Amino acid sequence: MSTTPNTPAASSSQPDTAPARSCKVSTSSHDAPPSPAGKKPAPPCTLVIFGAGGDLTKRLLMPALYNLGIDGLLDDGMKIVGVNHGARETNAWREDLHQSLQQFAADKASTFHAGKLDDDAWNWVAQRLEYMAGEFESDDTFAQLKQKLAQSPGGNVIFYLAVGARFFKPIVEHLGKTGLLQEGEGANGGFRRLVIEKPFGTDLASARDLNAHILQYAQESQVYRIDHFLGKDTVQSILAVRFANALFEPVWRREYIDSVQITAAETIGVEGRGKFYEQTGAFRDMVPNHLFQLLGMVAMEPPNSFDAEAVRDKKAEIFDAIQPLTPDDVVFGQYEKGPAGVGYREEPDVAPRSTTETYAAARVLIENWRWAGVPFYLRTGKRLATRCTEISVQLKPVPFRLFRDTPVDALTPNVLTLRIDPAHGTSFDFNVKTPGPVMQVGAVQSSFDYADFFAERANVGYETLLYDCMLGDATLFQRADSIETSWCAVDSVLHPESGGAQAVHGYAAGSEGPAQADALLARDGHAWRPLQRDAVEKK
Ligand code: BG6
């Protein structure tokens, strides 16, 4: 993760257009995207994408490479080899990718170059693309690849596994046995890196098994496990908010913080992924990975530096300190027919009596000096009332009743909300005196929106991850130990035979989730922040 400071834009106050009961911070704006100051092109390499015809390649990797090309962050000598089963000409692959990029650019709702692609930028990428037909489990594929990679610029190669999880092991094994993961002399002094997307296993045992398999053929330092949440600027900014502001860190502890809520609510359903979802469910899909990553960023101790190991060590300590969840700490739900559409069981490829959860809420405790006794409430779900990924940190009430007629517990608590998606920014709820002759206290909100300060960059969220991998900066990637401690914390919930079956409660599509999730917080005297409120506030 680059730590080059971005020069802030010159500040120019704008008229206050904030809605009542909300005070905006002063804003400024850019006309042109801020240049990635001080950033150099990554070293030359060949990027080998297994799964060249897949969705991930089309929707995220190619757009990200295009954006990196525009920013001048790729080396001229770079090559991109796409491997997939099925014979195909390189030109046909290029054309297919070109069309997808054009569609994204034409989609008004996307942030990808709304309007038009730049022909020169696309041609730059297109010239570097080469298609190679090959089965992911066949020796021939890897023999052919080896010949091709003998010419790799600088000897450097990144193998990106944009494939279904069942291919992870065979691909890594073939790469290892063909000697393609060997660095140093065999690779003309170049690096060999392996990028893997989740799922990293489906429970503790399978995650250990996958890690052990990979580490038979590659060093841990060669493995880049992606959690795409960490590619989001707003997620990386959690550390900036915490460690670059004297205001927050002193209160960032159990003495001042009452509770933390981490939400990843989606309005979409399973979108044709019924088969995958039936086997995965919301909990495995989101909790021990994306939501735990957010938890790690919020709860980790300050690292000594921004060195990859320093940051990852501190995050690992948090996953290790999570008190193992019991079935009592978790609520599962499944969407039923409601204002937002059909029920989950009516979706294609879903069993008519499926008990797969499309919603999961969890109460997480971190057993360490800083966080003992502070509940972290996590929730995620499909077909909820609004799309909103955010973290709300609620502070404890002030210690005594200073305002004569206002009991301390009637004051609105201070809440710092870090908005990850689709709103990008922060807001802070605090109290002020209301205007007028009587001393009365009223709650207001101050908010910061990225768009008010920084020009929108066409970013699909994989740019930083790809660039960092090319640079060899593993800060934003998952280490084997953290993957395993995360699964370990949730394992008893995943294996109901050892703790009683997890009930799955219905909720109407388009609602706030199952009522039982409210009860989970009510036990501690807390309540979820309403999703609907957020939709209104963020406008
Ligand atoms: C993926 C999950 O990892 O993350 C999806 O498999 C989910 O089910 C997605 O929709 C959410 O990511 P984002 O970036 O759209 O919030």
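Residues numbered from 1 in each chain as written. Predicted model: local features only at pLDDT ≥ 70, side-chain atom pairs only at ≥ 80, totals over all residues. Heavy atoms only, no water.

The name recorded for the chain in an unreviewed UniProt entry is Glucose-6-phosphate 1-dehydrogenase, from Paraburkholderia susongensis. Taken verbatim from the UniProt record of the chain, the Function (unreviewed entry) comment is "Catalyzes the oxidation of glucose 6-phosphate to 6-phosphogluconolactone." Note on the chain: under the UniProt heading Pathway (unreviewed entry), the record states "Carbohydrate degradation; pentose phosphate pathway; D-ribulose 5-phosphate from D-glucose 6-phosphate (oxidative stage): step 1/3." (UniProt positions renumbered as here; feature names shortened; annotations may be inferred.)

Looking now at the UniProt feature "binding site: NADP(+)" (unreviewed entry) in the chain. Here, the residues flagged by UniProt with the feature "binding site: NADP(+)" (unreviewed entry) are Glu135, Phe136 and Lys198. By the element assignment, Glu135 lies in the loop between strand S4 (129–133) and helix H4 (139–149). Apart from the residues lying within four places of it in its own chain, the contact partners of Glu135 are His85, Thr141 and Phe142. Relative to the helices and strands, Phe136 is located in the loop between S4 and H4. Judged by its relative accessible area of 4%, Phe136 is buried. Apart from the residues lying within four places of it in its own chain, the contact partners of Phe136 are Phe50, Gly51, Val83, Asn84, His85, Phe142, Val163, Phe167, Ile171 and His174. (Helix = DSSP H or I, 4+ residues; strand = E, 2+ residues; numbered from the N terminus. Contact = heavy atoms within 4.5 Å. Buried < 20%, exposed > 50% of the residue type's maximum accessible area, 1.4 Å probe, protein only.)

As summarised here, the arrangement of the 6 strands in space is S4-S3-S2-S5-S6-S7, forming an open sheet in which the pairing is parallel. The open sheet has two edge strands with one neighbour each: S4 and strand S7 (223–226). Taking each pair of neighbouring strands and ignoring which way they run, the sheet shows an average axis angle of 20°. In terms of strand pairing, strand S5 (residues 157–161) meets strand S6 (residues 192–197) through 5 bridges, oriented parallel. If you follow Tyr160 over to S6, its bridge partner there is Val195. The strands that helix H1 (residues 55–70) touches are strand S2 (46–50), strand S3 (79–84), S4, S5 and S6; relative to S2, the one it contacts most, it runs at about 165°. Here H4 sits on the sheet in contact with S2, S3, S4, S5 and S6, set at roughly 155° to S4. (Pairing = 2+ DSSP bridges. Axes fitted to C-alpha atoms, helices over the stretch in contact; angles between N-to-C directions.)

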